[in-house]
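The primary structure of each chain is shown beneath.
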Amino acid sequence: MQKKIKLTNSYESKHSSKREKDLFYSLCDKNPNQIKTKDFKNALLKSGLKSNDNRLYDLFQKLDSLGDEIYFKDFIKIISSSELLVEKALRGELALPDFSDFSKSVDEMYDDVIKNKSGELASYIPPLAKVDPNQFGISIVTIDGQIYQRGDCKVDFSLQSMCKPFNYCFALEKFGLELVHKHVGQEPSGRQFNDLTLLTRSLVGKSNKKLTRIPFNPMINAGAIMTAGLINSDDTYEKRLNFVKKQYGKLIGWSANSKFDSKFPRFNKDVAREENFTGYNNLAIGYLLMATGNLPGKKNKLKKDLNTNKNEFDFYIEPTVVDALKLYFSICSLEMTATEVAMAAATLANNGVCPVSQSRVLNQKTVRDCLPILQSSGMYDASGAFFQEVGLPAKSGVGGGVFLVVPQLMGICIFSPRLDEQGNSVRGIEIAKRITSKYLVHIFDGAMTNADRVDPRIPISKWRANSCGEAIWAASIGDIRTLERLASEQKDLSIGNSDMRTPLHLAAAEGQLKVVQFLLEQGVKPVPDRWGGYGYFDAKNNNHK
Ligand code: GLN
């Protein structure tokens with residue numbers, strides 16, 4: 001039986017505004033009094049929002065309980081719980097306004113890049129050496145919670161080094177920038193991720209100048225073991241790991257009663273055990289951090305418990321080193337899906353607020369402090385070249401994941417386990433490069449325009465209209481400078497408006513002789529407008545000789 005929501009007239013008149021009516025009419029087909037439930041659902045899903053999005057869950061439930069048609073009074077009641085989001089979705093005002101076009105382009109990239117089978121699996125531990133090398137997934141989450149998924153997006157994979165920026169954020173939240181950076185630097189290392197070299201820094205103290213040695217940055221192993229060592233260091237291992245898992249849970253929009261896909265982060269003990277068995281290099285780093293005074297030792301605290309009286313020599317193993325490594329290995333061994341990692345990246349893109357839970361997980365300042373380090377050091381010793389070409393903060397892990405942050409727009413995660421020499425996912429890098437070559441998302445694209453690249457934040461129709469509108473307007477008032485700029489930006493100066501009136505028509509109609517000459521010199525060919533008229537007739541009709 002159909003449930004009907006009862007609404008009084010006063011409710012309707014008090015609450016319904018022109019905005020709601022406009023939204024309703026935008027969905028009407030022939031009958032202006034009702035809309036089809038199916039059309040409403042499809043419009044929301046086409047915008048990239050999902051039916052299990054917590055913000056829309058009630059709305060979709062209500063839609064399912066209604067019949068095939070919805071009347072206006074029901075419509076306003078249904079959308080009341082998430083009106084702003086619905087309004088943005090129906091008006092094409094979400095972060096990616098042309099979500100379907102965008103999805104199609106990424107689908108094409110996926111279909112092309114899947115052919116690339118180069119690279120090798122990480123082989124230093126058996127669990128990573130035996131994953132299916134052909135897996136490939138791309139997931140993109142915008143700051144408004146639109147979600148694109150393709151391929152192996154729901155497969156669990158090992159976070160590995162992708163955990164490093166988040167651990168850094170947790171340490172920053174607890175201790176602040178200054179204190180954290182007494183233990184770890186902010187400089188690119190230019191070395192492999194597991195290198196033992198430390199950065200030498202001189203500290204000018206009260207009386208003398210002292211040299212200290214710290215890891216280059218939090219994105220290489222030495223720096224990440226250091227930041228792991230800082231996270232709630234007075235707690236037990238269990239409590240620390242649980243704290244980290246909970247934080248990751250918040251980053252990906254998990255909560256006990258959430259309807260959304262995110263699950264609580266999974267800890268793969270086998271991976272952690274293998275990291276421990278083979279991680280001699282990391283053990284060496286741990287002791288190096290101890291020797292350089294970066295990890296605070298516990299020996300003095302524990303002295304009374306140490307067995308110093310007996311005849312035997314009890315070898316002392318520094319618990320701080322063990323604790324830092326145990327936590328580091330465990331966090332590297334957390335598993336998530338590409339969609340969950342893309343959500344965590346979208347939380348960074350959204351200044352620390354998770355797009356689907358709308359909860360603040362990290363302070364804005366923490367995110368702003370983290371992204372530049374990701375940008376300069378996130379892709380190991382390929383960070384410089386990667387940033388130059390792709391222009392986005394990104395982090396990879398030897399589990400085959402790469403995530404990218406497009407600030408104020410979206411988080412992207414690519415999972416494909418074959419790696420290049422630097423330990424970065426081959427297909428991950430390839431997709432990242434293609435995204436920047438198609439879209440104006442490189443951080444330094446700001447002042448640059450290019451005829452074949454589009455800004456995904458702007459609807460394509462508006463993007464085209466903007467440049468053709470500007471050229472037409474400049475041509476009609478004789479503004480050659482603007483036209484020169486548009487030409488140098490490789491904008492097409494022969495594009496017309498909806499009546500196919502081009503800059504050449506307008507320049508001729510207004511008697512802007514210099515502009516006409518300029519356009520012809522640029523190779524613009526006279527074309528007829530909607531009525532078959534050429535610029536020449538415009539000039540004649542307006543008595544311009
Ligand atoms: N667990 C790995 C290590 O510490 C992580 C390295 C990586 O993803 N680059 O060696």
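Above this text sits the structure in question.
Residues numbered from 1 in each chain as written. Predicted model: local features only at pLDDT ≥ 70, side-chain atom pairs only at ≥ 80, totals over all residues. Heavy atoms only, no water.

Caption draft 1: A look at the pairing of strand E12 (residues 410-415). Counting buried positions along E12 gives six out of six residues, so the element sits mostly inside the fold. The alternating pattern of E12 places Met-410, Ile-412 and Ile-414 and Gly-411, Cys-413 and Phe-415 on opposite faces, both of which are buried. Bridge count for strand E3 (residues 137-142) against E12 is six bridges, and the pairing is antiparallel. By the bridge assignment for E12, Ile-140 is matched with Ile-412. Pairing geometry for strand E11 (residues 401-406) and E12, over six bridges, is antiparallel. Each residue of the ladder has a partner; that of Val-406, found in E12, is Met-410. What sits between the antiparallel neighbours E11 and E12 is a turn of three residues, in which Gln-408 has the positive phi angle 65°. (Buried < 20%, exposed > 50% of the residue type's maximum accessible area, 1.4 Å probe, protein only. Helix = DSSP H or I, 4+ residues; strand = E, 2+ residues; numbered from the N terminus. Pairing = 2+ DSSP bridges.)

Caption draft 2: Just unusual backbone geometry, in detail. Of note in the backbone geometry, Gln-358 takes a positive phi value of approximately 60° without being a glycine. With respect to the secondary-structure elements, Gln-358 resides in the loop between helix H16 (338-349) and helix H17 (364-377). Taking relative accessible area as the criterion, Gln-358 reaches 47% and is therefore assigned partly exposed. With a phi close to 65°, Gln-408 is a non-glycine residue in the positive phi region. The topology assignment puts Gln-408 in the loop between E11 and E12.

Caption draft 3: Focus on the sheet that holds strand E9 (residues 334-336). The strand order across the open sheet formed by three strands is E5-E9-E8, and the pairing between neighbours is antiparallel. Either end of the sheet is taken by a strand with one partner, and the two such strands are strand E5 (157-158) and strand E8 (266-267). The strands touched by helix H11 (residues 237-251) within the sheet are E8 and E9, with E9 carrying the most contacts at an inclination of about 15°. (Contact = heavy atoms within 4.5 Å. Axes fitted to C-alpha atoms, helices over the stretch in contact; angles between N-to-C directions.)

Caption draft 4: Representation of the sheet that holds strand E10 (residues 394-396). Strands sit in the order E4-E3-E12-E11-E10 across an open sheet of five strands; the sheet is antiparallel. The sheet terminates laterally at strand E4 (147-151) and E10, the two strands that pair on one side only. Strand-to-strand, the axes of this sheet are offset by a mean angle of 10°, without reference to chain direction. Most of the contacts of helix H7 (residues 99-113) go to E4, to which it runs at about 25°, and overall it touches E3, E4 and E12. In this fold helix H19 (residues 426-438) packs onto E3, E11 and E12, with an angle of close to 145° to the strand it touches most, E12.

Caption draft 5: Spatial organisation of the site of the ligand. For the ligand, the full set of nearby residues is Tyr-124, Gln-160, Ser-161, Phe-193, Asn-221, Glu-275, Asn-282, Tyr-328, Cys-332, Tyr-380, Gly-397 and Val-398. A distance of 2.7 Å is found between an oxygen atom of the ligand and a side-chain nitrogen or oxygen belonging to Ser-161. A distance of 3.0 Å separates an oxygen atom of the ligand from a polar side-chain atom of Asn-282. Split by residue class, the shell around the ligand holds six nonpolar, five polar and one charged. (Near = heavy atom within 4 Å. Polar contact = N/O pair within 3.5 Å; in protein donor to acceptor, adjacent residues only side chain to side chain. Nonpolar A, V, L, I, M, F, W, Y, C, P; charged D, E, K, R; others polar.)

Caption draft 6: How the structure looks around helix H2 (residues 18-27). Those residues of H2 lying buried are Glu-20, Leu-23, Phe-24 and Leu-27. Angular distribution of buried residues about the axis of H2 spans 100°; they occupy a single face of the element. (Arc of directions from axis to C-beta.)

Caption draft 7: A nonpolar patch on the surface, seen in detail. Judged by side-chain polarity, Tyr-287, Phe-313, Phe-315, Ile-317 and Val-322 come together as a nonpolar surface patch covering roughly 590 Å² of accessible area. By secondary structure assignment, the location of Phe-313 is in the loop between helix H14 (299-302) and helix H15 (319-332). Classification of Phe-313 by relative accessible area gives exposed; the value is 70%. (Patch = residues over 30% accessible without salt bridge, like charges linked within 9 Å, V, L, I, M, F, W, Y side chains within 5 Å. Areas by Shrake-Rupley, 256 points an atom, 1.4 Å probe, with all protein chains shown as cover. Salt bridge = Lys/Arg side-chain N within 4 Å of Asp/Glu carboxyl O.)

Caption draft 8: Structural detail: helix H5 (residues 72-79). Most of H5 sits inside the fold, with six of its eight residues counted as buried. Taken together, the buried positions of H5 are Phe-72, Asp-74, Phe-75, Ile-76, Ile-78 and Ile-79.

Caption draft 9: Spotlight on the nonpolar core. One finds Ile-138, Tyr-248, Phe-403 and Leu-404 to be the most contacted residues of the largest nonpolar core, which totals 97 residues. Those residues in contact with Phe-403, other than ones at most four positions away along the chain, are Met-162, Pro-165, Phe-166, Val-341, Ala-345, Leu-348, Leu-374, Pro-393, Ala-394, Lys-395, Ile-412 and Cys-413. By size, the runner-up hydrophobic cluster in this structure holds 24 residues, among which are Phe-40, Ile-70, Leu-90 and Leu-94. (Core = buried A, V, L, I, M, F, W, Y, C linked by side-chain atoms within 4.5 Å.)

Honestly, it's all geometry; don't read function into it.
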